[in-house]
Amino acid sequence: MTVAIPTSLAEAARLLGEEPDAMLLAGGTDAMVEVNDGHRRPADLVIALNRVTDLRSWRHDPEARTVTIGAGVTYTELMDPAIADLVPALAEASRTVGSPQIRNAGTLGGNLGTCSPAGDGLPVLAALDSRIRLVSATGERTIPVREFMVGVKRTALEPGELIAEIELPLLDGWQGYAKVGVRNAMVIAVASTCLAVDRLRETVSIALGSVGPTIVRCDTAEQLLASAVDWQNMSLTADTLNDVRVLVSAASTPITDHRSTAEYRGHAVGVLAGRLTRRAFTIDGATE
Amino acid sequence: MTNQFFTLTVNGTDHEVADSWLGESLLDVLRDRIGLMGSKGACTQGECGSCSVLVDGRLVCSCLVMGATAVGQEITTIEGVAPVGAPSDVQQAFVDAGAVQCGFCTPGLVMAVHDLLERSGSPTDTEIREELAGNVCRCTGYGRIIDAVRQVSVNRSSPDEGTS
Amino acid sequence: MSIDTRSDTGIRPGTIGDSTLRPDGVAKVQGTYEFSSDLSADGCLFGATLRSPHPSARIRSIDLSAAWKISGVEAIITADDVPGKKTYGLISSDQPVFASDVVRYVGEPVAAVAAIDPETARRALAAIAVDYDILTPLLDPEAAIDGDHAPIHPDGNLIRHQRILHGDPDATGDVVVEGTYEIGMQDQAFLGLEAAIAFPDPGADGIELHVATQWLHEDQKQMAACLGFPEEKVRLVLGGVGGAFGAREDISLQVHTSLLALRLGTPVRMAYSRAESFLGHVHRHPATIWMRHHATSAGELVNVEARFVFDGGAYASTSSAVLVNGITMAQGPYRCENGRVDGYAVRTNHLPCGAMRGFGAVQACFAYETQMDKLALACGLDPEEIRLLNAMKTGDTLFTGQPVLNVAPVEECIRETAALPLPDEPVGGVALADGSPDAMKLPGGAGRTADASDIVRGIGWGVSIKNLMYSENFDDYSTARCQLADGVATIKFATAEVGQGFITIAAQIARTILGVDDVVLDQIDTGIGSAGSTSASRQTWMSGGAVDAACRAARERLFEAVGAQHGIEPIRLMIEGTDVIDTAGDLRVPVVEASAGLEIDETFEYHHPKTDDLDENGQGNCHTAFAFVAHRAVVDVDPELGLVKVVQIATAQDVGNALNPLSVTGQIEGGIAQGLGLAVMEEIIQVDGVIKNGNFTDYLLPTFLDMPPVLATLIEQPDPHAPLGAKGVGEPPCISSTPAVVAAIRDALRQAGVDAPLDRVPVRPSDICI
């Protein structure tokens, strides 16, 4: 049993190519819980990614209007104003993750790799239609995040592939994230919502967490908003707002488990979507 | 590198770790292999912060770090905060403010408070609460701990006005 | 909250009334303090326990062969290997050391192993093959009561039934309110996980166990019986305790660890993980309580009828006593001449329940305080008015007929709480510099679920009564020894320090009585008589009383010696500061000098007055003493999402005499946090008898962001019955804080036009908004 600590993406990919069953370990905030609980015994090879500098950086491409984030960037780093100003919803989502200890270790790539429907960064990635670059010893490919997230803790990763980067488009418009948990800190999302406005294309994206096998996009609600929003004034009617809430709830497919009920989760995402919409737009006739 | 034998640098000293099994957390390596018992394990899920240490200057839960992956990093534990018998200002403030009851959460909290005050010299009450939310205490209800943090913050910003 | 510093109060530092710092504080902050899980020894092996995965099953066979083949496995034991009594228990010995024919709850121990390291021990457990014949579990307490289900234990499914009939139980009132209330299973969730290390005597005819526990001598007694040893061959030393809150009162790993050590002749350590801890100790009884309150139209209580059902789980533990606590205080801290209460503690295949801080009074309080609020509404009174109107006073009686002879400042508790200022920050707090709301001030916290306009603020009240010390003719005495020589007092006791700070006040008492500064605390072990349990808010009174009495006896010896030396009647002598002085003369001798060369050694066993059993109508003076407290909670609620944030809790608590105000504050704030936890987030969830959330991800404890500032007033009316005037303070904070928080949520919802009954704790978001 071996622990490898590569320092470059190429080396990590090579190691993984030789040993596709190897355990990839970044922040450990998901994987080590399973190891500690005895639910998971690491394979013969553990590839630690915490020293791969290629994965630890991010870049802004103003011409392409994208931000590309290395899979090893931590939640704390995502809250840094330099990147928070560019992708505020991701910074907001990062702030809801666990604690400083968890945020200092947990990574966006790890969040994607675990692919829990409750993953805090995932609704943001889905709402922004981000693209995931996957690298292996033999090549690479980039796929949309919605294609990457297949189901409950199931991704489209092929053997020998690891997540290298996440590319996010920079939109012109308001974006935000909200998450429901039973207490005021350190909670796994019982329901979460990301809303992102694109003024250029006059569209709104709404992505939901914890209410389906993977992140849910609310196509019908989004279509309604695209047509019903007064894009000159950035406003909409109270009736539209209410319709959005109903449609978002209807788009969710939540389950009942020991954390919450399907009924509550479906209700909650509707409320969250309504409030995010209210933050993004002016409601006609509303006094504030 | 094989897990059976590796070297960790803890509080400035190199420790050779032998007989570790793959997957053993840094917390277990610190306690069971190196004999540094100050960091505590109360949940092994990163939910309570009792195991908090610094790795390369970042506050993390040592129960979520695989020990063997911390090779070549600077690890600081509660034992490295201050010499025995000469507590740091944070540690003394905890004692003075009545912020210690059973004491199990205390080492992790001391680490977190030191880290917080490094990053933010005069945190507000709300900032203190948010930054320490990863450290759970079952005995104190947090009130005396917040007092301790405030006291250190005040003392550090006016160092020539006497000690607490 | 500001605490008077020593320099402000004129109290000699380190004595009674001073906020003396705890003597183990520096070791704890530096991480050098040894908890029981930090103890080890050369050549030590590691023990681990195999537990039942089923709530109810017959054991057909246990096959150890595969486990024995694992290299590094040194011992495996089962029920057949228990040399003495096969069962143990705090009240009745109904719980097997290891299950032999049946298992009765998920987590019941079936076997234990000792191996060279924890990983090998874990693999050995996985290799033990137990063949179970799964049975349908008994999970409905009502089925246990009405006898519809076959007994799941030879002692039967009904652990105890107790009725109380007082005055005219059929009395009715103009105003009647009733409700059925549910309290979920709370866990003590101490951070310091169970751990012990056992050292077998050579010849394996005795054992020394270092363990974190609440009652050394009770552990000793039960261990001796199971190990087949006389008690003096079983020695216990207190290992550092990382919190207890009732969960360490029952045996957990003591016998298992000892059996392994004795079998091998080497030290054996055992330590539970968090998941195992949830299975390995008792929990707070979940309860269903029906109540019907009758009152005059003016709001005065006429009659309280109640039916309590406590689900004790698979083994009896202290269920009988928990039930009595709950039902005997069913009227709350209120005067009422008539009562009819039926209480049942039942056995099911759920997790066993026993002591948790509050011990039955918590469940009762949620029910009766919710009833009082209903009464208030029905009578057109506000929550404070109805409570003031009915507030108990010294001399009033409980439904058991027992007069409350202690100081009973219920009215003062309410008024002083009401006098504490409400929060001056508005809902949502003060905005941040950029004008945006501070999410951390709103329900939902960092989740940013709400804006200030989505939130309503409510205020709620809770007032409670709690008995101190043990009840029903139980002599829970405490022992202390005081040695005085050369100005140093050495104090010995077996009182379990679990974080509450007894070691601090023990030294304060010694300094006050003897006039010394130097106090040495001897090791806490079974080398002295029992101190009773660290529970029932009893140690300040009982162990404080023992230390006080032992020190007074030592002081008498000192006065005799000084008197003999100077030809003065000892009765003229007293301690002033650190001197012995003659009250009728000029003599003044420092205690250090006066005690030079003396070897004073006094041991005292402190007993409280005898209490009665209850008769078949629940009549009898069964409790020892009582303490009171009031809580007021301010809670911000998001009615649409059902999320809450407790903004402030104010309290005035009847403490008698604050021996250490800082310690008392710590107990109050910590207890309130547990009450808040039960109100809105803490519950062990079992489905079909299987625990679903045995970890800290899903069993939620209040964090820094959940717990508000606490404003506390200490009501100090020294109790003439208490040896130091001081009442125990540990439990009251977690009793009426729960209904106060829930009442505040109801108040907020009413303002939002929502009438949610919230008759179950913990309140879940869906209870509020769906």
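Thresholds, definitions, all that
Residues numbered from 1 in each chain as written. Chains lettered and ligands numbered in written order. Predicted model: local features only at pLDDT ≥ 70, side-chain atom pairs only at ≥ 80, totals over all residues. Buried ≥ 20, exposed ≤ 12 C-beta atoms within 10 Å, placed from the backbone. Helix = DSSP H or I, 4+ residues; strand = E, 2+ residues; numbered from the N terminus. Pairing = 2+ DSSP bridges. Axes fitted to C-alpha atoms, helices over the stretch in contact; angles between N-to-C directions. Contact = placed C-beta atoms within 7 Å. Nonpolar A, V, L, I, M, F, W, Y, C, P; charged D, E, K, R; others polar. Domains from an automatic or database assignment. Core = buried A, V, L, I, M, F, W, Y, C linked by C-beta atoms within 7 Å. Expected span 1.5 Å × (residues − 1). Parallel < 35°, antiparallel > 145°, perpendicular 65-115°, else oblique. Left-handed = near helix turned anticlockwise from the far one by under 90°.

Student: Sorry if this is basic, but what is going on with the pairing of strand β19 (residues 478–485) of chain C here?
Tutor: All names here are of chain C. The element β19 is largely enclosed, with a buried count of six among its eight residues. In this sheet, strand β25 (residues 600–606) lies alongside β19 in antiparallel orientation, the contact comprising seven bridges. Note on β25: the bridge partner recorded for Ala480 is Phe604. Pairing of β19 with strand β20 (residues 488–493) involves six bridges; the strand directions are antiparallel. Paired with Arg481 across the bridge in β20 is Lys492. Hairpin connection between β19 and β20: a loop of two residues separates the two successive antiparallel strands, and Asp486 in this loop has a positive phi of roughly 50°.

Student: What should I look at first to understand the sheet that holds β25(C) in this one?
Tutor: By definition, the strands of a sheet pair up through backbone hydrogen bonds, in either a parallel or an antiparallel sense. All names here are of chain C. Pairing within the open sheet is mixed, and its four strands lie in the order β21-β20-β19-β25. Each edge of the open sheet is held by one strand with a lone partner, namely β21 (518–521) and β25. Taken over all neighbouring pairs, the strand axes of this sheet differ in orientation by 20° on average, direction set aside. With four bridges joining them, β20 and β21 adopt parallel strand pairing. Looking at β21, one finds that Ala489 is bridged to Val519.

Student: Got a minute to help me understand the interface of chain B and chain C in this structure?
Tutor: Think of interface size as the accessible area that goes away when the parts come together; that is how it is often given. Contact with chain B, which involves 42 residues of that partner, is made by 50 residues of chain C. Broken down by secondary-structure element, the contributors of at least two residues to the side of chain B that touches chain C are α2 (89–96), α3 (106–119), α4 (125–131) and α5 (143–157) of chain B. A total of four residues in the side of chain B that touches chain C trace back to one element, the largest contributor, which is α2(B). Considered class by class, the residues forming the side of chain B that touches chain C number 22 nonpolar, 13 polar and seven charged.

Student: Would you explain the domain arrangement of chain B in this entry?
Tutor: Residue and element names in this part refer to chain B. Partitioning chain B into structural domains gives domain 1 (5–80) and domain 2 (89–157). Domain 1 and domain 2 are separated by 22 Å when their C-alpha centres are compared. Of the residues forming the side of domain 1 that touches domain 2, the biggest block, three residues, is contributed by strand β3 (residues 52–55). Residue composition of the side of domain 1 that touches domain 2, grouped by class: seven nonpolar, five polar and one charged.

Student: What should I look at first to understand the domain arrangement of chain C in this one?
Tutor: Residues and elements named next belong to chain C. What the domain assignment reports for chain C is domain 1 (37–136 + 210–228 + 248–266), domain 2 (405–467 + 623–769) and domain 3 (477–606). The centre of domain 2, based on its C-alpha atoms, is set 39 Å off from the matching centre of domain 3. Counting residues at the interface gives 15 residues for domain 2, matched by 12 residues for domain 3. Taken together, the residues that form the side of domain 2 that touches domain 3 break down as seven nonpolar, five polar and three charged.

Student: Would you explain the nonpolar core in this entry?
Tutor: Generally speaking, nonpolar side chains in soluble globular proteins are found buried as a group. Val113(C), Ala510(C), Val635(C), Val741(C) and Ile745(C) are the most contacted members of the largest nonpolar core, which has 415 residues in total. Once residues lying within four places of it in the same chain are set aside, the contact partners of Ile745(C) are Gly458(C), Val635(C), Val637(C), Val644(C), Leu758(C), Val763(C) and Ile768(C).

Student: I would appreciate a short explanation of the environment of Asp54(A) in the present structure.
Tutor: Residues and elements named next belong to chain A. Residue position: Asp54 is located in the loop between β3 (45–48) and β4 (58–61). Using a count of 19 C-beta atoms within 10 Å as the deciding quantity, one classes Asp54 as partly exposed. C-alpha of Asp54 to C-alpha of Gly72: the two residues are 18 residues apart in sequence and 8.3 Å apart in space. Contact partners of Asp54, with chain neighbours within four places excluded, come to Ser8, Leu9 and Gly70.

Student: How should the interface of chain A and chain B be read in this particular structure?
Tutor: If you look at the interface, chain A gives 25 residues, while chain B gives 26 residues. Elements with a minimum of two residues in the side of chain A that touches chain B: β1 (2–4), α2 (31–37), β3 and α6 (100–105) of chain A. Among the residues making up the side of chain A that touches chain B, the classes are represented as 15 nonpolar, nine polar and one charged.

Student: Honestly, helix α16 (residues 661–680) of chain C in this entry has me stumped. Any pointers?
Tutor: For an α-helix, the turn length of 3.6 residues means that residues three or four places apart are oriented alike. Relative to the 28 Å expected for 20 residues at 1.5 Å per residue, α16(C) spans 29 Å between its end C-alpha atoms, a close match to the ideal helical length. Along α16(C), 20 of the 20 residues are buried, which leaves the element largely enclosed by surrounding structure.

Student: Would you explain the sheet that holds strand β2 (residues 23–25) of chain A in this entry?
Tutor: Residues and elements named next belong to chain A. Strands sit in the order β1-β3-β2 across an open sheet of three strands; the sheet is parallel. With one partner strand each, in any of the chains shown, β1 and β2 form the two edges of the open sheet. Neighbour-to-neighbour, the strand axes of this sheet turn through a mean angle of 25°, independent of strand direction. Summarising the sheet, β1 and β3 pair through three bridges and their orientation is parallel. Residue pairing across strands places Thr2 opposite Leu45, the latter belonging to β3.

Student: Looking at this model, I keep getting lost on the packing of helix α13 (residues 502–514) of chain C against helix α14 (residues 539–566) of chain C. Mind explaining?
Tutor: In a packed pair of helices, the relevant descriptors are the angle between the two axes and the axis-to-axis distance. Residues and elements named next belong to chain C. Between α13 and α14, the least distance of the axes is 9 Å, while the angle of their chain directions is 30°. It follows that α13 is roughly parallel to α14 by the angle criterion. Seen from above, α13 lies across α14 with right-handed handedness. Taken together, the residues of α14 that come into contact with α13 (itself represented by Phe502, Ile505, Ala506, Ile509, Ala510, Ile513 and Leu514) are Gln539, Thr540, Ser543, Gly544, Val547, Asp548, Cys551, Arg552, Ala554 and Arg555. Partitioning the contact of α13 with α14 into residue classes produces 10 nonpolar, four polar and three charged.

Student: Which parts of the structure should I look at to understand the pairing of strand β2 (residues 57–63) of chain C?
Tutor: The two faces of the sheet receive side chains in turn, since in a regular strand these alternate between them. All names here are of chain C. Relative to strand β6 (residues 102–103), β2 runs antiparallel, the two sharing two bridges. Bridge pairing in β6 links Arg58 to Val102. The pairing of β2 with strand β8 (residues 129–134) spans six bridges and is antiparallel. Among the inter-strand pairings, Ile59 is bridged to a residue of β8, identified as Tyr132.

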